[in-house]
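This is what each chain is made of:
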Amino acid sequence: MKEALLPILVQDPVLKNHKRIIEGYKARRDFFLDGPLTDTVAILDFDPVNGELSKGAHFNKGKIVGWFEDDRKRKIRDFSGKEIYTPAFMQASVFATVLKTLDLFYKKKDPRDLSGKSAKSDEKPMNENKVRYGENCLGRPLTWAFNASQLLVIPRAGEMANAYYQRDSHSLQFFYFPSEKRPDKIIFACLSRDIVAHETGHAIIDGIAPHLMDAASPQSLAIHEALADIIAMLVAFTSRELTSQVLDRQNGSIKDVSAISTIAEEFGQACGHRDGLRNLVNQKNLNPADKVNGVRRAEPHELSEVLSGALYKLMVNIHEQLTDELKEQPQYQKRKKPRYSASGFALQKAINRFVRMTFRALDYLPVGCVSFADYGRAMIAADKIAYPNDPKMRGWIREEFQKRSIITNIGDLAPIVKPRRHSLGKVKTAELHASDWVAYEYANAHRGLLGIPARIPFQVHPRLDVTKQYEGDRSARECIFKVSWEQEEANPSYPNLPTRRKVTVGSTAVFDWESGRLLTLLTNARPPEKLADARREIYFTREIHENRKKEYDAQELDRDIFIRELMEQGALRFGAQALGPDGKPLPSVIRGEVVKDVMKLQNTFNYLHIAEVE
Ligand SMILES: [Zn+2]
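Source: prediction; values computed, not measured.

What counts, and at which threshold
Residues numbered from 1 in each chain as written. Predicted model: local features only at pLDDT ≥ 70, side-chain atom pairs only at ≥ 80, totals over all residues. Heavy atoms only, no water. Pairing = 2+ DSSP bridges. Helix = DSSP H or I, 4+ residues; strand = E, 2+ residues; numbered from the N terminus. Axes fitted to C-alpha atoms, helices over the stretch in contact; angles between N-to-C directions. Contact = heavy atoms within 4.5 Å. Expected span 1.5 Å × (residues − 1). Buried < 20%, exposed > 50% of the residue type's maximum accessible area, 1.4 Å probe, protein only. Parallel < 35°, antiparallel > 145°, perpendicular 65-115°, else oblique. Left-handed = near helix turned anticlockwise from the far one by under 90°. Nonpolar A, V, L, I, M, F, W, Y, C, P; charged D, E, K, R; others polar. Salt bridge = Lys/Arg side-chain N within 4 Å of Asp/Glu carboxyl O.

(A) Layout of the sheet that holds strand 10 (residues 171-174). The four strands are arranged 3-8-10-9 in an open sheet whose pairing can be described as mixed. Both edges of this open sheet fall to strand 3 (41-43) and strand 9 (163-166), since each of them pairs with a single strand only. The mean angle between the axes of side-by-side strands here comes to 15 degrees, regardless of whether they run parallel or antiparallel. Along the sheet face, helix 1 (residues 87-103) touches strand 3, strand 8 (151-154) and strand 10 and points at about 165 degrees away from the line of strand 3. Across the sheet, helix 2 (residues 193-208) lies against strand 8, strand 9 and strand 10, angled at about 20 degrees from strand 9, the strand it touches most.

Set out below in structure tokens:
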């Protein structure tokens, strides 16, 4: 393992009230080369004038040249501020931010992590008192959704007010544009730490839940968008410089609007928004009667704020509770302001607990079109398995989802599936994990349990082998098993639009690796019409069954509105019309595939970056 000290932006460049613009970040990877590049990330910087590949930032003894006075002290050289606009700084800082974002999820000691190369044994033992992130989040290595080891990062991709992640080209692209207010000033997206972390977040989420990219439900896309903002928030929370300033000003609290809750301040202001592009401290909701904070149900960007607002509130609650617990400890009691002193450490602990619920839930999501409620149930399930004796967070999420009209009843987020002592029986977990044939046979024999309709073909997805930390640092191994199938429904009537469409739905079963016991089962398939048909295996009460049917109908209606809007905007194209002159899919178009007058959407994710930054 090599270590490199990199300069990283604390906050957007032109923001007031910040003492320092850059701080040091120590990254550890198998190797670092000029560019900069490492096994999983490569910066490719093209000169905007001649389009040629620019000279990459240079390393000397594990340090990017030019930004630090003293390697060990991480002391940043005094500079006027203009230097951050040099290509070398942009390359180094975008690289540092991407690595720092990945480190939230990076499972260091796993030999299969991203690059496929093993971690060397010279790695120093972890300091047990230090808060660690990556190791206890997903409990498995991160993988990219594309078939290559490196994510390519283009810091100056061209002139426009945008930035995006693109799976087809394995890349993150950051653009630049003249400010609306001051046209002589150029705004670089690659210099916004929030935007870089957000786009890296999309690449990470795509690796965890690749099916979201083709989902036809606006809420599925909004989950992608909201979690990318939440990842940007987490990266901000790991900046010592920024968090100490925010906690200082807000007396140890994160609950009010701050530089952390505001996403992409400079970019937002330059595009004419008063504050940043989005704010995580918000009351956005799905209540159509709320004229101030109610959002359009079929617009993924607006919808995303409902979810990210709910998740930010969850983070605030965890932080407050941990701060209150810590401040009672003797070492904080001796301080003048025990609550404030405890708040910084509480924040780092809060991140750990928060990601264990919110990102493990992504692994539990059923494949296909998922709603906020599906994601909520996955969060409840992940938290209940890891923290059976601590229901507080589950209560907070239910409350927040109800307040924002995501669910009508607190009970709607109860695990709808209470597997009655089901287990794999004679099937060995290791075989289920390793063999597609064993996995298929198991699913076929348990169609009722998994909700797969009779005689319909289905797909078994690669099983996940995860070893997670539970309550009290207990660790346990799970096998996550997913199946999916296609469901047909009517399209809205619109000229040239096929009358019917297919949507992907599925079920996720989570098994305890040792005992083969079924821990939880989540499904997003259409519930059967009659309770009598459902009760046997999956649904339990009449009320839950009725609510699930209503929830499914609402999602179907959202898809209708979304598809109609795509047609109106000319963003949904079929066949060759979705391809560019080079025969490749156009990046700003959503592709529709039609077989026997039934349509299936592809690359709906493109909708998010048609106007990612607007
Ligand atoms: Zn986005």
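(B) Local environment of helix 2. Over its 16 residues, helix 2 runs 22 Å from end to end, which matches the ideal 22 Å to within 8%, given 1.5 Å per residue. Burial analysis of helix 2 places 16 of its 16 residues in the buried class, which makes it a mostly covered element.

(C) Here's a closer look at the packing of helix 3 (residues 218-237) against helix 8 (residues 338-358). The interhelical angle for the contact between helix 3 and helix 8, taken along N-to-C directions, is 155 degrees, at an axis separation of 10 Å. By the criterion of interaxial angle, the relationship of helix 3 to helix 8 is roughly antiparallel. Every pair of crossing elements has a handedness; the one defined by helix 3 and helix 8 is left-handed. Between helix 3 and helix 8, the residues in contact are Ile230, Met233, Leu234 and Phe237 and Leu347, Gln348, Ile351, Phe354 and Val355, respectively. In terms of residue class, the contact of helix 3 with helix 8 is made up of eight nonpolar, one polar and no charged.

(D) Quick peek at the pattern of salt bridges. Applying the stated criterion to the full structure yields 33 salt bridges. The salt bridge partner of aspartate 206 is arginine 167, with a shortest N-O separation of 2.8 Å. Linking aspartate 206 in helix 2 with arginine 167 in the loop between strand 9 and strand 10, this pair joins segments that are 39 residues apart in sequence. The buried category is assigned to aspartate 206, whose relative accessible area is 0%. By relative accessible area, arginine 167 is classed as partly exposed at 23%. Among the salt bridges present, the one from glutamate 546 reaches lysine 549, with a minimum N-O distance of 3.6 Å. In this pair, glutamate 546 and lysine 549 both sit in helix 16 (residues 542-569), three residues apart, roughly one turn of the helix. Classification of glutamate 546 by relative accessible area gives partly exposed; the value is 32%. Lysine 549 sits in the buried class, given a relative accessible area of 14%. Each of Arg353, Asp383, Asp390, Lys392 and Arg394 takes part in salt bridges that share partners, so that together they form one network.

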